[in-house]
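Listed below, chain by chain, are the residues.
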Amino acid sequence: MSQKYILGIETSCDDTSVAVLKGDPTSGQAPEVLAFELFSQEQMLAQWGGVVPEIASRNHLDKLAPLLDVTIKKAGVTLSDIDLVGVTTFPGLLGPLLTGLNAAKTISLLKKVDIFAVNHLFAHLEAVHLTHEVTYPYIGLLVSGGHSLYTLVRASDDVEVLGSTIDDAAGEAYDKGGKLMGLGYPAGRIIDDLAKEGDVNRFEFPVGLKTSKDCNLSFSGVKTALRTFLEKNPDYYVKSPEDINQDTKDICASYQHAIVSALKLKLRYAIEKAGELGHKNLPVVVGGGVACNSYLRKVLKEKYKNVFFVEPKYCTDNGAMIANYALRNYESRIKYPATLSIDARSRFINKKEHRKT
């Protein structure tokens with residue numbers, strides 16, 4: 001098959017991102033990233049302490065059209081050159097998702113181009129192929145602000161969920177923990193940086209579902225433990241940057257250690273579960289926003305030799321991973337005019353089902 005130009009659109013939460021890739025769907029080779037742009041709402045949403053769906057939706061509306069224009073021009077192509085549009089349709093916030101999907105439908109209508117509807121969780125893991133050669137099958141660990149799950153990835157279009165968080169996600173535990181401490185939003189990078197100079201053993205926080213021998217996760221307990229700890233020790237609350245001291249760094253290190261310990265422990269059970277399904281000695285791929293975390297990278301690389309992390313610039317929600325996933329599933333695209341009937345949905349994992357296992 002000849003080289004194809006793929007446009008990727010990602011608007012599942014608070015990041016607006018567009019990318020154009022060039023690649024051969026049948027080659028298995030990494031595509032060429034011709035242009036990749038991202039607009040983050042982090043600073044805007046920091047005053048609210050997190051994502052506000054209505055504000056996020058309005059900003060996607062404001063930023064998507066100019067971002068598309070800039071990306072297309074940087075790629076040196078026109079919309080008429082695009083062979084396929086990949087767009088996130090689930091999971092995520094419904095308003096933002098529909099913003100990106102309606103843009104993709106408009107392009108499809110104007111240029112009679114096909115669309116591939118992307119599950120952006122799977123795209124997070126498959127983004128590893130943008131920079132690494134990883135063979136199938138592999139164990140996938142997806143850790144982000146909204147989701148944490150283990151998967152067995154037999155192929156780009158054959159993904160089995162082995163385990164999931166039954167409540168909060170790892171990234172959510174970071175952000176809400178940082179808010180409890182007074183560190184601001186988003187707190188993941190802040191906690192990671194402060195923890196580098198902290199003592200992981202000074203304070204003890206619980207590892208969720210530690211005694212359950214499965215690959216499900218829970219982070220609500222560690223978050224509650226931090227809140228209770230701070231209520232008993234209000235002097236540790238950070239009122240201003242000047243309040244950050246060794247105590248703050250030790251709390252961050254200990255709290256982060258509990259989160260990462262849970263991810264490390266349950267990865268072992270995910271590997272065992274894959275073995276029971278006939279897949280042993282598989283490589284491990286870690287993707288999603290929390291895959292940027294330096295402590296998680298250090299701990300898993302020390303434990304496993306065959307572990308691959310998605311490149312940091314492709315870890316957060318981005319158009320490049322969406323375009324890449326669409327390219328790898330080119331033959332399953334939805335052809336025009338059926339593209340105009342595509343819909344979005346907010347959920348993917350039913351956490352209640354995982355509570356039963």
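My aim in this report is to walk through the structure given alongside it, one point at a time.

What counts, and at which threshold
- Residues numbered from 1 in each chain as written.
- Predicted model: local features only at pLDDT ≥ 70, side-chain atom pairs only at ≥ 80, totals over all residues.
- Heavy atoms only, no water.
- Salt bridge = Lys/Arg side-chain N within 4 Å of Asp/Glu carboxyl O.
- Helix = DSSP H or I, 4+ residues; strand = E, 2+ residues; numbered from the N terminus.
- Core = buried A, V, L, I, M, F, W, Y, C linked by side-chain atoms within 4.5 Å.
- Buried < 20%, exposed > 50% of the residue type's maximum accessible area, 1.4 Å probe, protein only.
- Contact = heavy atoms within 4.5 Å.
- Pairing = 2+ DSSP bridges.

The subject of this paragraph is the pattern of salt bridges. Two side chains carrying opposite charge are able to pair once their charged atoms lie near each other. Tallied over the entire structure, the rule returns 16 salt bridges. Residues Asp193 and Lys196 are paired through a salt bridge, measuring 3.5 Å at the closest nitrogen-oxygen approach. Each of the salt bridges in this network shares a partner with another, and the network as a whole consists of Arg154, Asp158 and Glu160.

Right, let's talk about unusual backbone geometry for a bit. In this structure, the amide linkage connecting Phe90 to the following residue, Pro91, adopts the cis form with an omega of -15 degrees. Relative to the helices and strands, Pro91 resides in the loop between strand 4 (84–90) and helix 3 (94–111). At the junction of Tyr136 and Pro137, the peptide bond is cis and its omega measures out at -10 degrees in the coordinates. Position of Pro137 relative to the elements: it lies in the loop between helix 4 (120–126) and strand 6 (138–143). Look at Lys112: it is not a glycine, yet its phi comes out positive at around 55 degrees.

Ranked by size, the top nonpolar core spans 81 residues in total, and within it Tyr150, Phe205, Phe219, Ile259, Leu263, Val286 and Leu296 carry the most contacts. Here the element with the most residues in this core is helix 8 (residues 246–276); it accounts for 14 residues.

Summarising burial for helix 10 (residues 319–328): nine of the ten residues are buried, a large majority. For helix 10, the set of buried residues is Gly319, Ala320, Met321, Ile322, Ala323, Asn324, Tyr325, Ala326 and Leu327. Looking at the buried side of helix 10, the elements it contacts are strand 1 (4–10), strand 2 (15–23), strand 3 (32–40), strand 4, strand 5 (114–119) and helix 4.

Our focus in this paragraph is the pairing of strand 2. The buried count for strand 2 comes to eight of nine residues, which makes it a mostly enclosed element. Bridging between strand 1 and strand 2 involves seven bridges; their strand directions are antiparallel. Each bridged residue has a counterpart across the sheet, and for Glu10 the counterpart in strand 2 is Ser17. Both strand 2 and strand 3 contribute to a ladder of eight bridges, which runs antiparallel. Bridging across to strand 3, Val18 finds its partner in Glu37.

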